[in-house]
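Next come the chains, spelled out residue by residue.
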Amino acid sequence: ETGVTQTPRHLVMGMTNKKSLKCEQHLGHNAMYWYKQSAKKPLELMFVYNFKEQTENNSVPSRFSPECPNSSHLFLHLHTLQPEDSALYLCASSPFGQSYEQYFGPGTRLTVT
Amino acid sequence: SQQGEEDPQALSIQEGENATMNCSYKTSINNLQWYRQNSGRGLVHLILIRSNEREKHSGRLRVTLDTSKKSSSLLITASRAADTASYFCATGAWDSNYQLIWGAGTKLIIKP
């Protein structure tokens, strides 16, 4: 967990709020990912960035907006979320691409009220 | 769509016993990976086995892969309380744009 950091660790927001999740990796990896983890469901891949370019957007609602200013940083901007968006949001990175081992941050526990 | 499916969904054993978890998948793969997640935390990569490998070891972990049956198993020997966690398999495949496809996980509880 120490190679990938995420802030904040916990976030409570109302449906009209705007907030951002931050992820930073110190591993020199090329690829970064956002995942959503809901209870009793498989991990859902949201976005993939490879060398700062977005390569995957898995039909994620526009209320989630990713940003990758450089290979080490990844943001997830949130606005007008719904209660069903409450989940653990995980950031990960990998050295070469999606099929290689991924290194995860500790996650942000998001609660939408 | 879900590729990996772990079995059982939950497993409770005594400390010192061996724990076996299984993963089945549907399509051809490039590799299969196992991860551990402690409660509410990030996932930790345990082991990666390639499609041309049949068995791999790492410490107390042993992973097997049977591509003819499209299944894998993770064996944890001499379990410890610290092994209590959820375990996930994930498959990577050429025809899925190398996207890792995740199962829903096996929740392992080690009783002291």
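In this report, the structure presented in the accompanying data block is examined. This structure is a prediction, so every number in the text was calculated from the model and none was measured. (Residues numbered from 1 in each chain as written. Chains lettered and ligands numbered in written order. Predicted model: local features only at pLDDT ≥ 70, side-chain atom pairs only at ≥ 80, totals over all residues. Heavy atoms only, no water.)

**Observations concerning the overall build of chain A**
The secondary structure content of chain A amounts to zero helices and eleven strands. The order of α-helices and β-strands along chain A, N terminus first, is β-β-β-β-β-β-β-β-β-β-β. Relative to the compact-globule value of 13 Å for 113 residues, chain A shows a C-alpha radius of gyration of 13 Å, a close match. If one aligns the C-alpha atoms of chain A with their principal axes, the spans along those axes are about 35 × 25 × 25 Å. Sequence-distant contacts in chain A: of pairs separated by 6 or more residues, those separated by 24 or more amount to 53%. Looking at chain A as shown, the accessible area adds up to about 5200 Å², and 51% of this sits on carbon and sulfur atoms. Counting 10 positive and 9 negative side-chain charges, chain A places the averaged centre of each group 8 Å from the other. (Helix = DSSP H or I, 4+ residues; strand = E, 2+ residues; numbered from the N terminus. Rg over C-alpha atoms; globule rule 2.2 N^0.38 Å. Contact = heavy atoms within 4.5 Å. Areas by Shrake-Rupley, 256 points an atom, 1.4 Å probe, with all protein chains shown as cover. Lys, Arg positive; Asp, Glu negative; His and termini not counted. Charge placed at Lys NZ, Arg CZ, Asp CG, Glu CD.)

**So, the pattern of salt bridges**
Residue and element names in this part refer to chain B. Throughout the structure, instances matching the rule amount to five salt bridges over all chains. Between Glu-53 and Lys-56 there is a salt bridge, with the nearest N and O atoms lying 3.9 Å from each other. Judged by relative accessible area, Glu-53 falls into the partly exposed class, the value being 24%. For Lys-56, a relative accessible area of 27% gives the class partly exposed. Salt-bridge contacts for Arg-60 lead to Asp-83; the nearest nitrogen and oxygen are separated by 2.9 Å. (Salt bridge = Lys/Arg side-chain N within 4 Å of Asp/Glu carboxyl O. Buried < 20%, exposed > 50% of the residue type's maximum accessible area, 1.4 Å probe, protein only.)

**Section: the layout of surface pockets**
Roughly 670 Å³ of volume is contained in the largest pocket. As for the largest pocket, its lining consists of 25 residues, and the residues nearest its centre are Lys-40 of chain A together with Ser-86, Phe-88, Ala-104 and Lys-107 of chain B. Among the secondary structure elements, those contributing two or more residues to the lining of the largest pocket are strand 9 (87–94) of chain A together with strand 1 (5–7), strand 9 (85–92) and strand 11 (106–111) of chain B. Roughly 400 Å³ of volume is contained in the second largest pocket. What lines the second largest pocket is a set of 21 residues, and nearest its centre among them are Leu-43, Glu-44, Leu-45, Met-46 and Asn-58 of chain A. Elements with a minimum of two residues in the lining of the second largest pocket: strand 5 (44–50) of chain A together with strand 10 (101–102) of chain B. (1 Å grid on protein atoms, 1.4 Å probe; cavity = no way out; pocket = protein on both sides within 12 Å on 5 of 7 lines; lining within 4 Å. Points joined across faces, edges and corners; volume = space filled by probe spheres on them.)

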